[in-house]
Amino acid sequence: MMVLTNLHPSFGKKAVYILDCAVCYQTVCRRGMLAVLVADGKTELFSTDKCDRSAVGVIPEIFWAKSCWCKIQSLACLSCGAVVGYHVILPCVKCLKAVNNGHRCMFHNKFVSHCYRLDEEGGDFLLWKHLKPHDEDNLLSRECLR
């Protein structure tokens, strides 16, 4: 089984989450990681290494993040149109220099609900160090512990 290898060891121990839009409950991400905003070190959110373009869309307007100089675009649920997060299109120097997980798609924890994604046997939480690369990741709907 091929797994992600370019992940900092501290991130490999984190659980993988399935994220649903808080408005319509449509799944918007099956590869979520609970993270802390690099720019302030306090704000919790979810991030992912791969945005599911069949579930979320990018709103074309580009703006600056509130806590740093990253350029971002909002992400909206394609089912109901609610904004669920943002995509970092150009990270600032401060964020690039900080220890980070390399994820550029972020989900606000107040705009999504979450549950643990289970491993292939369905007996334990899936950890990022065991997650297959997104192009090899065949997802089953039973992989969520709600």
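Under an unreviewed UniProt entry, the name given to the chain is Protein FAM72, and the source organism is Plakobranchus ocellatus.

**Side note on the layout of surface pockets**
Taken as a whole, the largest pocket spans an internal volume of roughly 760 Å³. Contributing to the lining of the largest pocket are 39 residues, with Leu37, Leu45, Tyr86, Val88 and Met106 lying nearest its centre. Counting residues per element, the ones that place at least two in the lining of the largest pocket are β2 (27-36), β3 (44-48), β5 (63-64), β6 (71-77), β7 (83-90), α2 (93-97) and β8 (105-108). Broken down by element, the lining of the largest pocket gets its largest block of residues, four residues, from β7. Among the residues making up the lining of the largest pocket, the classes are represented as 22 nonpolar, 11 polar and six charged.

**Comments concerning the side chain of Gln73**
One can find Gln73 in strand β6. On the accessibility criterion, Gln73 (12% relative accessible area) is buried. Here Pro60 takes part through its backbone oxygen, which lies 3.0 Å from a polar atom of the side chain of Gln73. In contact with Gln73, not counting residues within four places along its chain, are Val58, Ile59, Pro60, Glu61, Ile62, Phe63, Gly85, Tyr86, His87 and Ile89.

**Some thoughts on the nonpolar core**
Core analysis: the biggest nonpolar cluster contains 16 residues, and Leu19, Val28, Val56, Leu75, Val84, Phe107 and Val112 have the highest contact counts within it. Every element with two or more residues in this core is listed here: β1 (17-21), β2, β6 and β8. In terms of nonpolar packing, the next biggest core, distinct from the first, is built from 13 residues, Cys70, Ile72, Val88 and Met106 among them.

**Comments concerning the state of the cysteines**
Per the stated rule, a full pass over the model turns up one disulfide. Each sulfur of the disulfide joining Cys51 and Cys105 lies 2.4 Å from the other. Of note, the bridge from Cys51 to Cys105 carries an S-S torsion of about -135° and is left-handed in sense. With Cys51 in the loop between β3 and β4 (56-58) and Cys105 in strand β8, the pair connects residues that are 54 residues apart, well separated along the chain. Taken individually, Cys51 and Cys105 each receive the classification buried, so the pair is uniform in this respect. Sulfur of Cys21: no disulfide; nearest cysteine sulfur belongs to Cys80 and is 3.6 Å away. Note on Cys77: no disulfide assigned, nearest cysteine sulfur contributed by Cys24 at a separation of 3.6 Å. Under the relative-accessibility criterion, Cys77 is labelled buried at 2%.

Definitions and limits used
- Residues numbered from 1 in each chain as written.
- Predicted model: local features only at pLDDT ≥ 70, side-chain atom pairs only at ≥ 80, totals over all residues.
- Heavy atoms only, no water.
- 1 Å grid on protein atoms, 1.4 Å probe; cavity = no way out; pocket = protein on both sides within 12 Å on 5 of 7 lines; lining within 4 Å.
- Points joined across faces, edges and corners; volume = space filled by probe spheres on them.
- Helix = DSSP H or I, 4+ residues; strand = E, 2+ residues; numbered from the N terminus.
- Nonpolar A, V, L, I, M, F, W, Y, C, P; charged D, E, K, R; others polar.
- Buried < 20%, exposed > 50% of the residue type's maximum accessible area, 1.4 Å probe, protein only.
- Polar contact = N/O pair within 3.5 Å; in protein donor to acceptor, adjacent residues only side chain to side chain.
- Contact = heavy atoms within 4.5 Å.
- Core = buried A, V, L, I, M, F, W, Y, C linked by side-chain atoms within 4.5 Å.
- Disulfide = S-S within 2.5 Å.

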